[in-house]
Amino acid sequence: MARMVKIGVRLMVVLLLVSCKDTDGKPKKTSKSNRVVTTYIALPQKVKSPKDNPASPEKEALGKLLFYDPVLSGNKDVACATCHHPQNGYAEFLDISIGPNATGLGARRKFNAPNDIPFVKRNAPTIINSAYNGIDPFGNYDPEQATMFWDDRVKSLEKQALEPIKAFEEMRGHGIGVDSILQVVVDRVKQIPEYQKMFADAFGVPNAVTVENLAKAIAAFERSLVTNNSRFDRFMRGDEDAILISEKEGFELFKSVGCVNCHNGPMFSDYKMHVLGTPENDKLGEPDRGVKDTFAFRTPTLRNLRFTAPYMHNGSLPTLKKVLEFYEDIANGKERNPHVPVQKYDPFVRDLNLSVKEMSQIISFLNTLNDDGFDKTVPERVPSGLPVGGNIQ
């Protein structure tokens, strides 16, 4: 029988007494487990846009050029694509990002010498599927309220697009103040005739180069980067053969051991903040204390993990196996971060029941969420005439 689009596991919010046996027949730890209501469905095949920023080919084409143009950075050496390049799944193969005064792409990127600009303190999440950020288990979401960044400090792709430009260690660098950088960037773009025409065509009015429209164009392009036809999506739409039996077993384990409590819905994220006690990144001079100094960070999506290593908010865990071993440790009360005592761990963490044997099966399932059908094309040039993608060669 074909699966209905909205088929999934519905778990009542109840207090259950869970008792399992390991492969050797010995009982696993018994605990009271909080379970959440969730439904797994395929990603929507259509993407919503804010009412004041409807999608259009002209706007997306403009946004793509801006995304790759280092004219948006303080010293014209960093573009959005520097840390979110399609070659790296619109993320990067670095634990934490390197912004201005540097060269290279992904794992090859290094600071120039001399240098006094710090590392970006968090891992660059992928742009792919960020159009769906905030989606609930039933496929509902509001693009104007979409959660952004590891600490949920702004809502919507439109607002997110401007934050890296303003950040000293991401794109601004030395020489221009945070209060003036956006106007400086817009004034530069206004001086480029090609951009003037593209903005007018995209927004239907003359003199359309503004900070607001700059953000809207970039957001429109980012919203076009979706992968909603993974093997898991096809399975949820009724193709029983889209995933293997072993992967289906991994899915069942994923749910039964407790991963489902935070990684639920079509994006496999509840978009909430959780305290895990992730190991610190030694490259940072001081601990990253997260949301309101609580060491809480937003649940990331589990889609396209093949393209987005290393993992966690600070890239401290290099492989999915290391991630699952970390969860096993903290579920058993082991502290991996000296600044976060066990008592501060999210209650869901204590409910995990994860064994070494189960890890490979869960990883096998996670591979069904990969989809390489995203736009990998890179512009041959950008209107500013600067190096495409910034100093990445």
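Scoring rules and cut-offs
Residues numbered from 1 in each chain as written. Predicted model: local features only at pLDDT ≥ 70, side-chain atom pairs only at ≥ 80, totals over all residues. Heavy atoms only, no water. Helix = DSSP H or I, 4+ residues; strand = E, 2+ residues; numbered from the N terminus. Rg over C-alpha atoms; globule rule 2.2 N^0.38 Å. Buried < 20%, exposed > 50% of the residue type's maximum accessible area, 1.4 Å probe, protein only. Contact = heavy atoms within 4.5 Å. Areas by Shrake-Rupley, 256 points an atom, 1.4 Å probe, with all protein chains shown as cover. Lys, Arg positive; Asp, Glu negative; His and termini not counted. Charge placed at Lys NZ, Arg CZ, Asp CG, Glu CD. Salt bridge = Lys/Arg side-chain N within 4 Å of Asp/Glu carboxyl O. Expected span 1.5 Å × (residues − 1).

This part is about the overall build of the protein chain. Across its full length, the protein chain carries 13 helices and 8 strands. Relative to its length of 393 residues, the protein chain is compact, with a C-alpha radius of gyration of 22 Å against a globular reference of 21 Å. Summarising its shape, the C-alpha atoms of the protein chain cover approximately 70 × 50 × 35 Å along the three principal directions. Within the protein chain, the proportion of its 393 residues that are buried is 56%. Partitioning the contacts of the protein chain with sequence separation of at least 6, the portion at a separation of at least 24 is 69%. Element-wise, carbon and sulfur atoms account for 54% of the exposed surface of the protein chain, whose accessible area totals about 17600 Å². For the protein chain, the centre of its 51 positive side-chain charges and the centre of its 49 negative side-chain charges are spaced 3 Å apart.

Scanning the model with the defined rule gives 20 salt bridges in all. Between Asp95 and Lys283 there is a salt bridge, and its shortest N-O distance comes to 3.0 Å. One end of the pair, Asp95, is in the loop between helix 2 (80-83) and strand 3 (102-103); the other, Lys283, is in the loop between strand 7 (273-275) and strand 8 (296-298), with 188 residues separating them in the sequence. You can call Lys283 partly exposed: its relative accessible area is 40%.

In this section: helix 10 (residues 245-256). In this model, helix 10 (12 residues) spans 17 Å end to end at C-alpha, consistent with the 16 Å of a helix rising 1.5 Å per residue. Along helix 10, the residues that are buried comprise Glu247, Gly250, Phe251, Leu253, Phe254 and Lys255. After helix 10 finishes, the residue Gly258 shows a positive phi value of roughly 115°.

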